[in-house]
2 protein chains.
Amino acid sequence: MAYRQLSIESIAEYLQGIPEMKKVFSSFNDLDIREIGDGNLNYVYLVKNKEKPNESVALKQAVPFLRIVGESWPLPKERMTIEIKALLKASEWCPQNVPEIFFYSHEMSLVVMKDLSSHGVLRGQMIEGMYFPKLADHISTYLAQNLFHTSDLFLDHREKKEMVREFINIDLCKITEDFVFTHPYEQNETNVYNPELKESDIKSIQEDSNLKISVAEMKKKFMTEAQALIHGDLHTGSIMASEEETFVIDPEFAFVGPMGFDLGAIIGNLLMSYFSHEYRQPLLGREPYQYRKWLLETIESLWSEFVNKFENLWINHQNSSGDLYWDYDSGVEHFKNQREKYILDLLQDSIGFAACKMMRRILGLAKVADIADITDLKERARIENITLQVGKKMVTERKKFQSISEVIDLAQEFSTLK
Amino acid sequence: MAYRQLSIESIAEYLQGIPEMKKVFSSFNDLDIREIGDGNLNYVYLVKNKEKPNESVALKQAVPFLRIVGESWPLPKERMTIEIKALLKASEWCPQNVPEIFFYSHEMSLVVMKDLSSHGVLRGQMIEGMYFPKLADHISTYLAQNLFHTSDLFLDHREKKEMVREFINIDLCKITEDFVFTHPYEQNETNVYNPELKESDIKSIQEDSNLKISVAEMKKKFMTEAQALIHGDLHTGSIMASEEETFVIDPEFAFVGPMGFDLGAIIGNLLMSYFSHEYRQPLLGREPYQYRKWLLETIESLWSEFVNKFENLWINHQNSSGDLYWDYDSGVEHFKNQREKYILDLLQDSIGFAACKMMRRILGLAKVADIADITDLKERARIENITLQVGKKMVTERKKFQSISEVIDLAQEFSTLK
């Protein structure tokens, strides 16, 4: 079927023509259809049977331009092909953490999936100070399963390289290259600043030689290192969560890139939430320590559980695949040394990427509501400065970090509620 | 035209049917056709007009198996497609250092190119102690031109990623992954050892935890880092040279990989030649210092000229493309810092890869004649041990090296003709 853009008016008829939809909907006569996309890239519709509200799906369709700008910014709708394939790949390894797919069409650039509207977007819920006791467990599982099973540590050389080819994602990678690694660190017309942020604070990032070289190194890693199939945009807005369940959505930026980019994205977003709650917890009428403590504990357990799960996958795979590389007296211990070194490199990558993602949210075009929605602009600037200073230290000194707890210590050092 | 394997009998008729060949040969009636392939992978024929010996070409055809083993080791003939494209790409940037292509056919997996038989293979000529005063200049140009112009430092993001896709080289990369980075560092049935090499010396490599972790890191880099279109097999057997001219041939292993792999390959091969001439120069009836001094000087100038040329390409490109990333008071100096850091990382990569390529020539299947053809097996073992020990230090301590002269010092420290 040739591509055509669906609308609230045409969706019911379209769904009725798809055999797979008959398993979800007992009737297509009285559907409640609403557009719920955040309006940046795609259209997302929620479709419910008014008679039986349990019969519902989410339908996401890409249009061949950047929705937020319009047709003047063309963007190939083939990005939906990447998203569909990435969702299917993730559902091989952790079906419980990605939305179930009922139907997809590469030609129509659309996917019909489980309605997750009973789960809020994690970012919004965290802004409201909600706790997610299973978040670290779920996201560490999602990351360990996906990153391990799409890396050279698990995949056959042929599968891996064919995956690299299949997931080359030229246009969406370019967005990251520009808006995460380039524009925020130079004077660029796309940057947007809080008017209360001092020019000297902006310059302290944009004209710092060491910092810019470090960011350029992270950009090079992003552009060249085909380590595993990564989500590519794993911020708290790409996660739908309840207390019990966690779903990772929107992998349209997926490509075979450095693992640390995903780990850094989520760590960086949790850190920004932590900084923002200096302001938000008192605003919510709460004492400020408990929630922020939970956030830091979440970062710490997300990392340590990730390491634990990733290492176990690696050990089990090596044991079952009969690889002999370490097969001699001290081999077991030496294999352990190798894993520790691999994980340490990954920690340092993750810290560098987390820093880039934090600083760009302050200096670049796209903001995070956690900080950008703080109405007291002076308070916002104070928190933005904490973010910038912590980011600066993280990226320039990333190779000195030996454990995640040093990241926690650094965050606490700069964000002391003074 | 469907694929068929050519032979000495069928080549004249085949060439006669190709319009492009009429520009080279005034007649096809009396051709001298000889097979000159080294017998590992492909067939290479030298075709000369007996009447007018200046009318000559080399014809290289791939067969769908590893020639040295036979049809039991299938190898897609598509590797010739990579070789042709890599030759064409290199001839864009340094036509003087790659053989001129007269004709190619992807279907027939063949290429007809300049007859370079007046230029010997570099390795053989170096074994004989011949000097190549322009080698460092030519190879540093070849490397700077090719590596810079196929990296993200020069290419548009789209061209770069399409190049990555186009040059995915699954089967030939696998050969390198196995025979350079894996088998030599484990007990493997494909390994071949000089019987005079002690088991303890072999174990000192194969059971050294730090060394194996370092080699695994270099392997990861080889498998994941899509930095530039590299030759992939740049040893002295892939170079045809006279005193005046230098041609790089056989880029069938080309893919988008780490730049340091090419730089390391040539440095490693020159170092092995240096070690071998402890033995060879006296055998040639010469005093042993002068030639070995020339070899080390060649390594040193190859590197420093490469850096010089590469940096100039980068600076000129930045100046002409108007990138503003460093556009502020101290920007010029900061850009210089960035280049120096990039080059230092590249030096350390190159040292690591050189080491892997050196050690594998001692412990793995494929040898270099410089060392393997030493008939006094005890002398050969002594030189092999020097190679292993220097390689071990280079790969495990690669991040400590700050300049190429430290590599030279190390080589001299271990190979003192004592």
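Below: a short report on this structure. (Residues numbered from 1 in each chain as written. Chains lettered and ligands numbered in written order. Predicted model: local features only at pLDDT ≥ 70, side-chain atom pairs only at ≥ 80, totals over all residues. Heavy atoms only, no water.)

This next bit is on the sheet that holds strand β11 (residues 246-248) of chain A. Residues and elements named next belong to chain A. Taken together, three strands build an open sheet; the order of strands is β8-β10-β11 and the sheet is antiparallel. Single-partner strands in this sheet number two, and they are β8 (120-121) and β11. As judged from the two bridges shared by β8 and strand β10 (residues 239-241), these two strands associate in the antiparallel manner. Bridge pairing links V121 to M240 in β10. Across the sheet, helix α4 (residues 135-149) lies against β10 and β11, angled at about 35 degrees from β11, the strand it touches most. (Pairing = 2+ DSSP bridges. Helix = DSSP H or I, 4+ residues; strand = E, 2+ residues; numbered from the N terminus. Contact = heavy atoms within 4.5 Å. Axes fitted to C-alpha atoms, helices over the stretch in contact; angles between N-to-C directions.)

This part is about the interface of chain B and chain A. Contacts between chain B and chain A engage 43 residues on the former and 42 residues on the latter. Interface area, chain B with chain A, both sides summed: about 3,900 Å², of which 59% is carbon and sulfur. For the pair chain B and chain A, the number of links is eight salt bridges. The residue E225 of chain B makes a salt bridge to K220 of chain A at a minimum N-O spacing of 3.4 Å. (Buried area = accessible area lost by both parts, 1.4 Å probe. Salt bridge = Lys/Arg side-chain N within 4 Å of Asp/Glu carboxyl O.)

Let us look at the environment of L346 of chain A. Mapped onto the secondary structure, L346 of chain A falls in helix α11 (residues 331-363). For the pair L346 of chain A and G264 of chain A, spaced 82 residues apart in sequence, the C-alpha separation works out to 9.7 Å.

Residues and elements named next belong to chain A. With 25 residues, helix α9 (residues 259-283) extends 36 Å from end C-alpha to end C-alpha; this agrees with the ideal 36 Å at 1.5 Å per step. Considering bend angle alone, the principal kink of α9 is centred on H277 and spans about 50 degrees. Phi turns positive, to about 75 degrees, at G285, one or two residues after α9. (Expected span 1.5 Å × (residues − 1). Bend = angle between axes of the 7 residues up to and from the residue.)

Moving on, we get to the pairing of strand β3 (residues 56-62) of chain A. All names here are of chain A. When you tally the buried positions in β3, you get seven out of seven residues, the bulk of the element. Note that strand β2 (residues 42-49) and β3 share seven bridges and pair antiparallel. Note that in β3 the partner of V44 across the bridge is K60. Hairpin connection between β2 and β3: a loop of six residues separates the two successive antiparallel strands. As paired strands, β3 and strand β7 (residues 110-114) are joined by five bridges and run antiparallel to one another. Bridging from a neighbouring strand, A58 pairs with M113 of β7. (Buried < 20%, exposed > 50% of the residue type's maximum accessible area, 1.4 Å probe, protein only.)

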